[in-house]
Each structure stands twice: as C-alpha cells, then as structure tokens.
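Architecture at a glance
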Amino acid sequence: MSDTVETVARTSPAAVIVAIDGPSGTGKSSTSKAVAAALGLSYLDTGAQYRAITWWMLGNGVDVDDPAAVATAAAKPVIVSGTDPAAPTITVDGVDASGPIRTQEVTAGVSAVSAVPEVRTIITELQRSIAASAEKGIVVEGRDIGTTVLPDADLKIFLTASPEARAARRSGELKGVDAATTREALIKRDTADSNRKASPLAKAADAVEVDTTELTLPQVIECVVTLVEEKRAAK
Ligand SMILES: Nc1ncnc2c1ncn2[C@@H]1O[C@H](COP(=O)(O)OP(=O)(O)OP(=O)(O)O)[C@@H](O)[C@H]1O
Ligand SMILES: Nc1ccn([C@H]2C[C@H](O)[C@@H](COP(=O)(O)O)O2)c(=O)n1
C-alpha cells in the first residue's frame, strides 16, 4: 500500500481531500482559506512551510544557494502548522514565523531551498501526516499537492491567471513596488519552481483548471465550493 492510500484510509470516509495548486498570485491561499472555512474543512498552506524552513536557514547561517548545506540542515528545524482556516499559524522551533516568512529575503531564497530533495522529503511527509489527521477533510494548497503530495486527493484544482493580473494583485499588496518589477519577480520564481527536478510546479493530469484572470475572488470561491460539494455528494 502506498503512503497516499494509507493517508486517505486513515481519514473518515466522509472526509474530503482537496488539492489546490498553481503559480504565484493565482489566488490559491485566498481561495483555499475561504473554501475550507465555508465547508468546515481544515486548511494547509504548504508554501508557508517552505518559507518557514527557508527563514530558519537564513537565520542559522546556512547558505540557501548551497544545496548540500541546505540538505545537511534540513531536518533540524521543527515546523508546526495550525490548520484553522480562520487563523492559520506557523511556528519554527516554537517561535511564531507568520510575519518573518513573508519578507523579501525569504521570498528571494525560497525557490532554491524548496528545490532541495531532502527538504521536499521532510516537508512532504509532514504535509501527508497533517492531511491524514484532518477528521472532516482538508484543503491543501501549493505547487505539487495534486501531483506528488496527495495524488489520491478527491478533488484537484489548478488555478491560473495571466502574469499581468497576478502582478496587479501583488502590487496592490506591496505598496510602492511597481507592477513591472512585481511581474518579473513572480515570473522568475514560477520559472524556478516549474523547472526544478524534484516535484516541480505542475498541473496533475486529473486536475480541473480554473483561469481566474477575469474572475473576482468570490466567483473563484463559489466555483471551487460547488466542485467540492459535487465530490462530497458523490462519495
Ligand atoms: N480572483 C481574484 N481577483 C482579484 N484579486 C485576487 C483574486 N484572487 C486572489 N486575489 C488577490 O491576489 C493576491 C494574491 O492572492 P493569494 O495570496 O491568494 O495568491 P497565491 O496563489 O496563494 O499566491 P502565492 O503562491 O504567491 O502565495 C491577494 O491580495 C488576493 O486578495
Ligand atoms: N507545495 C509547494 C508549495 C510551495 N513551494 C515553494 C515554491 C514557492 O515559490 C514557495 C513559496 O510558496 P508561496 O508562499 O508563494 O505559495 O514555496 C513548493 O515548492 N511546493
């Protein structure tokens, strides 16, 4: 029996596992949190976990551009994710990391750290165990959830949006940073995440693709809630 089959078998039969993947700024976090809250499911932001391990590396003098050094240190930090969609949390060695993991320094280093296979093995194991303990089910968002972490998920969604739309959304958050700079930065990160060898950003063959370019956030949420409800009814 594969790890994933065990994961699904340990959750209640009514539990629904939803994988939401896609490039940066497509709306994964906003959508996943809202869908989980609306349906009483847990929520896991896997990008936050990769950011947390990157933050620890930076704070502990590990060169994030040295894959061997990152691999050697990968098992040292203890990362804990809280899965309440109304108040998701992330700690590293017991310290709240929710603010520091969003800095530019972490954003610039996270693609290199998350490309290291030893890092992915540890974080993937953690993600599967969190999904397995979500009694009512869970919405897990990231880059490789449908392809690698939870290939037997009940529903897989792949969100997309044009680079222009994604840059405009991010520029709205990052006051003072122009859309062209933001666009270049997110394309650079997507390219690195899509081209790494270890479980790259990719759409699973059985994922439903939702292009959010012309959709409002409430429209995307409604679309995904409907898809989850259909899956639940068919279980
Ligand atoms: N359909 C939409 N229309 C307009 N704005 C949106 C839409 N979806 C998300 N946003 C906004 O875009 C920004 C990025 O969304 P979000 O953080 O959910 O994306 P993400 O895919 O999780 O990004 P990342 O992978 O970089 O964490 C947020 O400010 C969010 O409110
Ligand atoms: N399943 C995942 C989730 C995230 N990553 C990496 C790649 C991203 O650039 C980075 C930060 O994610 P974000 O907070 O922007 O969603 O983490 C990954 O490799 N696999």
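Here, the structure is the one placed above.
No experiment lies behind these values; they were computed from the predicted model shown.

**Overview of the overall build of the chain**
When helices and strands are counted, the chain shows ten helices and eight strands. For the chain, the spread of C-alpha atoms along the three principal axes comes to 50 × 40 × 30 Å. Residues classed as buried in the chain amount to 47% of the 235 residues present. Looking at the chain alone, contacts between residues at least 24 apart form 77% of all its contacts between residues at least 6 apart. Here the chain displays about 10800 Å² of accessible surface, and carbon together with sulfur accounts for 56% of that area. Once the 24 positive and 31 negative side-chain charges of the chain are each reduced to a mean point, those two points are 1 Å apart.

**Some remarks on the site of ligand 2**
If you check the shell around ligand 2, you find 16 residues, and the closest are Arg51, Arg120, Asp144, Asp193 and Arg196. Within the side chain of Arg51, one N or O atom sits 2.7 Å away from an oxygen atom of ligand 2. Within the side chain of Arg120, one N or O atom sits 2.8 Å away from an oxygen atom of ligand 2. Calculation on ligand 2 without its partners gives an accessible area of 450 Å², and the protein chains cover 97% of this total. Secondary structure elements with two or more residues in the shell around ligand 2: helix 3 (46-59), helix 5 (104-114) and helix 9 (179-195).

Rules of the game
- Residues numbered from 1 in each chain as written.
- Chains lettered and ligands numbered in written order.
- Predicted model: local features only at pLDDT ≥ 70, side-chain atom pairs only at ≥ 80, totals over all residues.
- Heavy atoms only, no water.
- Helix = DSSP H or I, 4+ residues; strand = E, 2+ residues; numbered from the N terminus.
- Buried < 20%, exposed > 50% of the residue type's maximum accessible area, 1.4 Å probe, protein only.
- Contact = heavy atoms within 4.5 Å.
- Areas by Shrake-Rupley, 256 points an atom, 1.4 Å probe, with all protein chains shown as cover.
- Lys, Arg positive; Asp, Glu negative; His and termini not counted.
- Charge placed at Lys NZ, Arg CZ, Asp CG, Glu CD.
- Near = heavy atom within 4 Å.
- Polar contact = N/O pair within 3.5 Å; in protein donor to acceptor, adjacent residues only side chain to side chain.

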